[in-house]
Every structure is written in C-alpha cells, then in structure tokens.
Amino acid sequence: QKEVEQDPGPLSVPEGAIVSLNCTYSNSAFQYFMWYRQYSRKGPELLMYTYSSGNKEDGRFTAQVDKSSKYISLFIRDSQPSDSATYLCAMSLAGATNKLIFGTGTLLAVQP
Amino acid sequence: GAVVSQHPSWVICKSGTSVKIECRSLDFQATTMFWYRQFPKQSLMLMATSNEGSKATYEQGVEKDKFLINHASLTLSTLTVTSAHPEDSSFYICSARGGGAREQYFGPGTRLTVT
C-alpha cells in the first residue's frame, strides 16, 4: 500500500463547476499537508498549505484536512479552464528535515 | 511568493557527456534544496536532499557518483549528470525550502534529452 493515494483521473468538469480533489494516507503521523498545481511541462506551484486538521480558504480554493479519517481534500469553486492542470497532494512528518511525500496527481480538465 | 529559478530550461546533450543544471532561490535563503525527477504522466521522484554546506543525502537507488549535487550557498544548488545516457533523459525539477519551513517552492524544471 502506498503511503499516499490519489485518484489519477482524468477528471473532466464543465466551467463553473465545483471540483473536489482528494487524497488518503496511511501514516497517522503526517502533520503538514500541501496541494500543488502543475501545468504540463512546468514545475509544481504551491496552492495551499495546512497544518494538522481543519479548513483553510484562499479565494476559490479550500483545503480540508481530516486527520481522524486520514483524508485531505481540495475544493475549487467556480472552476475555470485555466484551472486545467495536474493537482498533487503532498504531506510530511513533523520533523524539520522531513521530506514531502507526494500523491500521484489528479489530472483535471475544465471544459469551457 | 517565493521564487525559484532553474537553468537551463531545456538541454540536449550527447551520450557520455556531462550536464550541469542550476537551481536558484531568488527571494529567500534556501537552507534545504531538493532535486526531483519526473517521467511523463508520473509523479515526482525525489532524488536527493541537500543542505547548504553539507553533502547531499541521496534516496535509495540514486547513484551519487552519477548525479553530483552541490549546495554551495543559501541561494544556489547544482545538479550535474555525469556521463549521461539516453535513459537519463527526463524532466528534472528542483525545490527549495527556507529555514524552519515545511513547504517547498519548485523551480520550472529542466528537460534533459540525451541522444
């Protein structure tokens, strides 16, 4: 079993839809959770960063962490064609030197 | 936001030659830098972690004599692919993290093609 599981998609939605992207993980010691967006042939861009459980909102994006279920989500409201990209979840342990563990990424296509 | 640059963005080299890729943090001091490799439609594969002034820590299965990493300053790390072969062709991405931070900021990547 992988430490972090993410549905690879592709996920296709119409413009304006609410998108839900999810990751599950097996290590209950993960404390830091991130979502990255990666356009084709580009480096990942940090979208959201949360610590422990709870919700965090930034514009059209909301990140949700449920540590009891070992489940994190990223919601995109009013999705736009420019949101079409691969979304990667990532998480790390509490120690300062710990590396990020990435999901495999979900490919999202927002149709105009 | 934090900005990380990479150079070159694209390089073609002949088999047997060496290629150096630079990674720079432009507006923050990167105490730790990471080098990843990514194959088409796959996720990021961590190759090594480097702390400024220290030797890099390589992930299992990554040849440290083939992928030389130098992190000589708080804003610059380099990856040198020595004696490159076609199977080394890939997308190489660096990331950087400031002291005490958990989030990493990524460069735009370097596409290496070995002919």
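Here, the structure is the one placed above.
So, a few notes on the structure that sits alongside this text. Here the structure is a predicted model, which is why all the values come from computation and not from measurement.

### Here's the deal with the interface of chain B and chain A
Argument step 1. In this assembly, 17 residues from chain B lie in contact with 23 residues from chain A.
Argument step 2. Taken together, the connections running from chain B to chain A amount to one salt bridge.
Argument step 3. Between Lys99(A) and Glu59(B) there is a salt bridge, and its shortest N-O distance comes to 2.6 Å.
Argument step 4. Our count for the chain B to chain A interface comes out at seven residue pairs in polar contact (both at pLDDT 80 or more).
Argument step 5. When residues of the side of chain B that touches chain A are traced back to their parent elements, those giving at least two are strand E4 (30-38), strand E9 (90-98) and strand E10 (105-106) of chain B.
Argument step 6. A breakdown of the residues in the side of chain B that touches chain A according to their chemical character gives eight nonpolar, four polar and five charged.

### Brief notes about the state of the cysteines
Two cysteines whose sulfur atoms are joined by a covalent bond form what is called a disulfide.
Argument step 1. Within the structure shown, the criterion is met by two disulfides over all chains.
Argument step 2. Here Cys23(A) connects covalently by a disulfide to Cys89(A), the sulfurs 2.0 Å from one another. Taking the sign of the torsion about the S-S bond as the criterion, the disulfide between Cys23(A) and Cys89(A), at about -100°, is left-handed. Here Cys23(A) is found in strand E3 (residues 19-25), whereas its partner Cys89(A) is found in strand E9 (residues 85-92), with 66 residues between them in sequence.
Argument step 3. Taking the relative accessible area as the measure of exposure, Cys89(A) reaches 0% and is therefore buried.
Argument step 4. Disulfide pairing places Cys23(B) opposite Cys94(B) at an S-S distance of 2.0 Å. With the S-S bond torsion at 80°, the cross-link from Cys23(B) to Cys94(B) turns out right-handed. Of the two residues, Cys23(B) is situated in strand E3 (residues 19-25) and Cys94(B) in strand E9; the sequence distance between them amounts to 71 residues. Here the two residues Cys23(B) and Cys94(B) agree in accessibility, since each one is buried.
Argument step 5. Residue Cys13(B) stays outside any disulfide, its sulfur separated by 18 Å from that of Cys94(B), the closest cysteine.
Argument step 6. Looking at Cys13(B), the relative accessible area reads 8%, which means it is buried.

The rules behind these values
- Residues numbered from 1 in each chain as written.
- Chains lettered and ligands numbered in written order.
- Predicted model: local features only at pLDDT ≥ 70, side-chain atom pairs only at ≥ 80, totals over all residues.
- Heavy atoms only, no water.
- Contact = heavy atoms within 4.5 Å.
- Salt bridge = Lys/Arg side-chain N within 4 Å of Asp/Glu carboxyl O.
- Polar contact = N/O pair within 3.5 Å; in protein donor to acceptor, adjacent residues only side chain to side chain.
- Helix = DSSP H or I, 4+ residues; strand = E, 2+ residues; numbered from the N terminus.
- Nonpolar A, V, L, I, M, F, W, Y, C, P; charged D, E, K, R; others polar.
- Disulfide = S-S within 2.5 Å.
- Buried < 20%, exposed > 50% of the residue type's maximum accessible area, 1.4 Å probe, protein only.

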